[in-house]
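# Survey of secondary and tertiary structure
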Amino acid sequence: MINDLEGLLGALAVLELRGGDTDAIEAKTFSEYSAQQLGPTLSAFANMPGGGVILGVSERDGITVVGVDDVHGLLQRVADQARKGFSAPVRIDALPIDVDGKIVGVVNVEGADANEKPVRWLKDKKAYLRQYDGDY
């Protein structure tokens, strides 16, 4: 789980080393909230042991912190989607973290209990799993 600046910097170093997303860490640029982009990822992490989504990080030319404008609004929308958008509520811990004046949103997703799996995204009725660099 990414709980503070030190944990975030460690996660960013892993992304840089791997050249992008991993099976437990997803980076999203996000200038605006997108339920479409987050639905499969939240489902996948809930169906696995869990994972972390970092909002406000670009993977375009290496790993770059770009920040988000309205981090609190963004994290509220993620929390709302996690509560209402799935066959079982997805448990998250969401927090803003300042990285050299740029604010990123971190969403730690807990793995669902066995009796809640598979967690399906209600938009497409699919359950996702996480593999190396994406949701399938």
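Our structure's up above, just so we're on the same page.
Conventions used here
Residues numbered from 1 in each chain as written. Predicted model: local features only at pLDDT ≥ 70, side-chain atom pairs only at ≥ 80, totals over all residues. Heavy atoms only, no water. Helix = DSSP H or I, 4+ residues; strand = E, 2+ residues; numbered from the N terminus. Buried < 20%, exposed > 50% of the residue type's maximum accessible area, 1.4 Å probe, protein only. Contact = heavy atoms within 4.5 Å. Salt bridge = Lys/Arg side-chain N within 4 Å of Asp/Glu carboxyl O.

Here we take up the side chain of asparagine 47. Structurally, asparagine 47 is set in helix H2 (residues 35–47). In this structure asparagine 47 comes out as buried when scored by relative accessible area, which is 10%. Discounting chain neighbours no more than four positions away, the residues touching asparagine 47 are Lys117, Pro118, Val119, Ala127, Tyr128 and Leu129.

The tally for this structure, following the rule as stated, stands at eight salt bridges. Across the pair arginine 91 and glutamate 110 runs a salt bridge whose closest N-O atoms are separated by 3.2 Å. A residue pair is termed long-range when its members are at least 10 positions apart, and arginine 91 in the loop between helix H3 (71–84) and strand E5 (92–99) and glutamate 110 in strand E6 (residues 102–110) qualify at 19 residues. Residue class for glutamate 110 comes out partly exposed when judged on its relative accessible area of 42%. Of the charged contacts in the structure, one is a salt bridge between arginine 91 and aspartate 113, with a shortest N-O distance of 3.4 Å. You can see arginine 91 sitting in the loop between H3 and E5 and its partner aspartate 113 sitting in the loop between E6 and strand E7 (120–121), a full 22 residues away along the chain. One salt-bridge network, held together by shared partners, links Glu26, Lys28, Arg130 and Asp135.

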